[in-house]
Amino acid sequence: VITLGKVFLLQVVEKVPITLLLSFADAQPTDAEREVWEQVDVVLKDAKAVLDELQAYKGAGQEIREAIQNPNDEVLQEQAWAAVVPLVGKLKKFYQFSQRLEAALHSLLGALTSETYNDPTQHLEREQALAKQFAEILHFTLRFDELKMTNPAIQNDFSYYRRTLSRMRINNVPADGENEVNNELANRISLFYADATPMLKALSDGTTKFVSENKNLPIENTTDCLSTMASVCKVMLETPEYRSRFTSEETVSFCLRVMVGVIILYDYVHPVGAFAKSSKIDMKGCIKVLKDQPPNSVEGLLNALR
């Protein structure tokens, strides 16, 4: 999507033909978009660093195993604790970033679903810089969750941290790492990582919260925005004329993640969900698009939908 340039898409929504112009490649914020765009841009600038840190996360599995196997060896206990504490600091940082991302999504939804224009297509056409940021948030979210799902060290490290911290409290042993994550925060972080797709869960909860807090706004404003984005991604991916303009496989992955992300958000906020016959999302078509990709590249996305 980022490298497509200008692409005209003819898509039928409820049998009404609409022409949607997407120009993500050079989308610049208008004066009306600028305030929200700048708020979200600050968050997105940190997103790549978060993904890089998560991708490089190796965990303290060896130190933890040795400490558990030798419970009376104080040196090994200290080594395991010293290895885990900085890792917990990273996990805390990722969790806090999810809260910033949720706030950014809230701002974008406010702009893209407002009653400034009559339908979601007009929003996506005329507020393309914000639409691009929305897509980038979804791309980050699905990528983060793919990495988390394939790294069991995250939950193992945090579980060991909590168990050790609890034991230290019982024995009245001072814990340097407690300043990093206190008990209340540890509970929230633990719940966050317990979910298979924690970042997507945070965004889904944020979208649901946005809808419930804006009861004066028709829910269709939100669901139609999401279903339109899903349709655009599907058409881009399944139409050879548009697909041929993708310059790299990463662009394909970007489009796939955005499509899956908006489907899941739609499923959370729509009264009957994305999989009902009355859904405005062509779920069979979207799943076919996913299954037409190399299996290893979309397994995480299919699992997220499941």
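Scope of this entry: the structure provided in the associated data block. (Residues numbered from 1 in each chain as written. Predicted model: local features only at pLDDT ≥ 70, side-chain atom pairs only at ≥ 80, totals over all residues. Heavy atoms only, no water.)

1. A short note on the side chain of T222
Consideration 1: Considering the arrangement of structural elements, one finds T222 in helix α9 (residues 219–238).
Consideration 2: Ignoring sequence-local partners within four residues, the contact set of T222 consists of L109, T113, T207, F210, V211 and V269. (Helix = DSSP H or I, 4+ residues; strand = E, 2+ residues; numbered from the N terminus. Contact = heavy atoms within 4.5 Å.)

2. Concerning helix α11 (residues 249–269)
Consideration 1: If you check α11, its first and last C-alpha atoms are 31 Å apart, about what 21 residues at 1.5 Å a residue would give, namely 30 Å.
Consideration 2: By the criterion of burial, α11 is predominantly enclosed, with 16 of the 21 residues buried. (Expected span 1.5 Å × (residues − 1). Buried < 20%, exposed > 50% of the residue type's maximum accessible area, 1.4 Å probe, protein only.)

3. A short note on the nonpolar core
Consideration 1: Core analysis: the largest hydrophobic core is formed by 93 residues, its most contacted members being F134, F140, L256, M259, I263 and L290.
Consideration 2: In terms of residue count, helix α3 (residues 74–112) provides more of this core than any other element does, 18 residues in total.
Consideration 3: The contact partners of I263, leaving out residues within four places of it in the chain, are A230, A274, I281, M283, C286 and L305. (Core = buried A, V, L, I, M, F, W, Y, C linked by side-chain atoms within 4.5 Å.)

4. Thoughts on the side chain of Q293
Consideration 1: Its location among the elements puts Q293 in the loop between α12 (283–291) and α13 (295–305).
Consideration 2: At 3.1 Å, the side chain of Q293 and the side chain of R243 are in polar contact.
Consideration 3: At a separation of 2.7 Å, a polar atom in the side chain of Q293 contacts the main-chain carbonyl oxygen of V289.
Consideration 4: The residues contacting Q293, other than those within four sequence positions of it, are R243, V252, L256 and V298. (Polar contact = N/O pair within 3.5 Å; in protein donor to acceptor, adjacent residues only side chain to side chain.)

5. What about the environment of Y117?
Consideration 1: With respect to the helices and strands, the residue Y117 is situated in the loop between α3 and α4 (120–126).
Consideration 2: Assessed through its relative accessible area of 22%, Y117 is described here as partly exposed.
Consideration 3: Every residue in contact with Y117, bar those within four places of it in the chain, is listed here: Q122, H123, R126 and E127.

6. Brief notes about the pattern of salt bridges
Consideration 1: One pass over the structure, following the stated rule, counts 14 salt bridges.
Consideration 2: The residue K48 makes a salt bridge to D52 at a minimum N-O spacing of 2.9 Å. Pair noted here: K48 and D52 are both in helix α1 (residues 34–55), with a separation of four residues, about one helical turn.
Consideration 3: Residue K48 is classed as exposed on the basis of its relative accessible area of 57%. (Salt bridge = Lys/Arg side-chain N within 4 Å of Asp/Glu carboxyl O.)

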